[in-house]
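A closer look at the structure
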Amino acid sequence: MENTGISPTLKKFPLLMWIILFGDFITRGSFYMVWPFLAVILYQKFAISATDVGLILTGAAFVSVFVGFFGGALSDLLGRKKVMFTSGVVYVISFILLAYADSVMSYIVVITLCSMSKAIWDPPTQALVADILPETSVRELALQTRYFVVNVGCAIGPMLGVYFGITGQQSGFLLTAVAFAIWLVMLAIGIKRHGDIQEHKQDADHKLSDTWKILLQDRMLQCLIVANIICLFVYAQMDTTLIQYLTRAEVPELMTLISSIIFTNALVIITSQFVLLKLMVSLSLTHRIQIGLVLLALSQLWMAFNPVTLFWGWIGATVIMSFGEAILFPTMNVQIDRLAPKHLRGAYFGAASFYAIGYSVAPLGGGILLDYLGGFWVFAIGAALILVVIYLYSILHNMPRPDFENLAINKNSVQAAQETLSESSTNNK
């Protein structure tokens, strides 16, 4: 980023960008008032085992990974607004249905519908941010700010849910539906006031298969996806395997420790993200990500060697990991934005949804490692896998990319792709 300060750049955000940020906050906050307690609801209503709950949620998440790509690609073909508002309406309906579901099968269907509609919603929304903010420094700060706002919502949501007494209540899903409906109305007003949005939409002759062929030829994108799948697999061990490890070890004051880890993670990200952004403003995206990866690897080693009963040791490892997370995840979105030709932004943000494969398989992979090798090796192998990710990032910019000039559908697309690639090359030097 080339800007000298965050505040002057924030002033360049149009009204529509502020609406998107506000919507991210209220919907993510209301979402986390109830969704994390879905397992509790399923157990209380149907006495479903932990394994069955895991299969339901993992299955829905896995389906949404692939649906997310097609949602992004379709937004390039049909336009952001059509895809966003269609998926948004389905999202609202699915959460209303979730508030009244009364059987295991209805929960499975509606949970999958919720995950799919959210997966379709996210890529075109990210692409819309890029469409309305043509200036690189402003666009990258917007992506960073979205990550910050989402984390604030995630941190505040569960606490508000407890305060208002809707935690674990099925009717709480209605609040998420209402919040999202309000956001849709605000977005419609914001888009209308914003005026013409340059979406760089493909013409009628372009097909989804053409987009797929381009992505298959982009080795840099594929290398990036593999690297980030591994990265998310390692990161997700904190959410799943670490808790199982501590539980099996019968750690004293287990619930206090787990709550402290979650709170520490959110607090560090909220307080440090923009400080770290300012400190690293002169570094390339690749160097920023490599620093984040080193911190993530160090946190894994700390967890591997930390005595299981050492409370503050776990908190210290969480602080290091959270610093790495605050650098890594928002920068990943910025990197996709730089990588994507303007006429394929939706498809590229959709392809980034494949990162979530790592998160989806983490509970299973971590559980196997914990059962057969033990907690030390879960985190030691995690640190080793991060070294693989660091290597993949070191060779990333040597990977071949498509000849966008020959693959572009029209002259405008050719020009857009060339401008984006030129901009990305200059910024990464």
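Computed from a prediction, not measured in an experiment: that's the story for all the values here.

1. Details of helix 12 (residues 254-279)
Taking 1.5 Å of rise per residue, 26 residues should cover 38 Å, and helix 12 covers 36 Å from first to last C-alpha, within 8% of that figure. Its axis deflected by about 45° at Ser-272, helix 12 carries its strongest bend there.

2. Details of the packing of helix 10 (residues 219-235) against helix 16 (residues 356-372)
The geometry of helix 10 relative to helix 16 is characterised by a closest axis approach of 7 Å and an angle of 45° between their N-to-C directions. In terms of orientation, helix 10 lies oblique with respect to helix 16. Every pair of crossing elements has a handedness; the one defined by helix 10 and helix 16 is right-handed. Of the residues in helix 16, those touching helix 10 at Ile-229, Leu-232, Phe-233 and Tyr-235 are Ala-356, Ile-357, Gly-358, Tyr-359, Val-361, Ala-362, Gly-365 and Gly-366. Counted by class, the contact of helix 10 with helix 16 contains nine nonpolar, three polar and no charged residues.

3. Concerning the packing of aromatic side chains
Enumeration over the complete set of coordinates arrives at 16 aromatic pairs. Ring geometry for Tyr-91 against Phe-180: centres 4.3 Å apart, planes inclined by 40°, an arrangement best described as tilted. Highlighted residues: Tyr-91 in helix 5 (residues 80-100) and Phe-180 in helix 8 (residues 173-194), separated in sequence by 89 residues. Classification of Tyr-91 as buried rests on a relative accessible area of 5%. Ring centres of Tyr-245 and Phe-379 lie 6.2 Å apart, and the angle between their planes is 55°; on these two criteria the pair is classed as tilted. Of this pair, Tyr-245 sits in helix 11 (residues 241-248) while Phe-379 sits in helix 17 (residues 375-394), placing them 134 residues apart in sequence. For the pair Tyr-245 and Phe-379, a shared accessibility class is recorded, and that class is buried. In this structure an aromatic cluster arises from ring pairing among Tyr-91, Phe-95, Trp-121, Phe-173, Phe-180 and Trp-183.

4. Re the pattern of salt bridges
The tally for this structure, following the rule as stated, stands at six salt bridges. With its nearest N and O atoms 3.2 Å apart, the salt bridge here joins Glu-135 to Lys-12. With Glu-135 in the loop between helix 6 (104-132) and helix 7 (136-164) and Lys-12 in the loop between helix 1 (6-10) and helix 2 (15-34), this residue pair connects regions lying 123 residues apart in the sequence. Ionic pairing is found between Glu-140 and Arg-338, a salt bridge with its closest N-O pair at 2.4 Å. Of the two residues, Glu-140 sits in helix 7 while Arg-338 sits in helix 14 (residues 311-339), which places them 198 residues apart along the sequence. Judged on exposure class, the residue Glu-140 and its partner Arg-338 are both buried.

5. Describing helix 8
Along an α-helix, residues three or four positions apart point the same way, because every turn accommodates 3.6 residues. The end-to-end C-alpha separation of helix 8 is 31 Å, in line with the 32 Å expected for 22 residues at 1.5 Å each. Looking only at helix 8, the buried set comprises Phe-173, Thr-176, Ala-177, Ala-179, Phe-180, Trp-183, Leu-184, Leu-187, Gly-190 and Ile-191. Buried residues of helix 8, seen end-on, are gathered within an arc of 160° and therefore sit on one face of the element. Among the exposed residues of helix 8, those oriented more than 90 degrees off its buried face are Val-185, Lys-192 and Arg-193. Gly-195 occupies a position one or two residues after helix 8 and carries a positive phi of about 90°.

6. So, the nonpolar core
It is characteristic of soluble globular proteins that their nonpolar side chains tend to be buried jointly. In terms of nonpolar packing, the biggest core is built from 71 residues, with Leu-242, Tyr-348 and Tyr-393 touching the most fellow members. Top element by residues in this core is helix 10. It accounts for 13 residues. Dropping the residues within four chain positions of it, Leu-242 is found in contact with Gln-237, Ile-261, Met-303, Trp-314 and Phe-379. Counting residues in hydrophobic clusters, the runner-up holds 48 residues, among them Ile-20, Ala-142, Leu-143 and Phe-180.

7. Focus: the side chain of Asn-228
Structurally, Asn-228 is set in helix 10. Its relative accessible area of 0% is what places Asn-228 among the buried residues. Engagement of the side chain of Asn-228 in a polar contact is seen with the side chain of Tyr-355, the distance being 3.2 Å. Setting aside chain neighbours within four positions, we find Asn-228 in contact with Met-332, Tyr-355 and Tyr-393.

Basis of the calculations
- Residues numbered from 1 in each chain as written.
- Predicted model: local features only at pLDDT ≥ 70, side-chain atom pairs only at ≥ 80, totals over all residues.
- Heavy atoms only, no water.
- Helix = DSSP H or I, 4+ residues; strand = E, 2+ residues; numbered from the N terminus.
- Expected span 1.5 Å × (residues − 1).
- Bend = angle between axes of the 7 residues up to and from the residue.
- Axes fitted to C-alpha atoms, helices over the stretch in contact; angles between N-to-C directions.
- Parallel < 35°, antiparallel > 145°, perpendicular 65-115°, else oblique.
- Left-handed = near helix turned anticlockwise from the far one by under 90°.
- Contact = heavy atoms within 4.5 Å.
- Nonpolar A, V, L, I, M, F, W, Y, C, P; charged D, E, K, R; others polar.
- Phe/Tyr/Trp six-rings, centres within 6.5 Å; stacked < 30°, edge-to-face > 60°.
- Buried < 20%, exposed > 50% of the residue type's maximum accessible area, 1.4 Å probe, protein only.
- Salt bridge = Lys/Arg side-chain N within 4 Å of Asp/Glu carboxyl O.
- Arc of directions from axis to C-beta.
- Core = buried A, V, L, I, M, F, W, Y, C linked by side-chain atoms within 4.5 Å.
- Polar contact = N/O pair within 3.5 Å; in protein donor to acceptor, adjacent residues only side chain to side chain.

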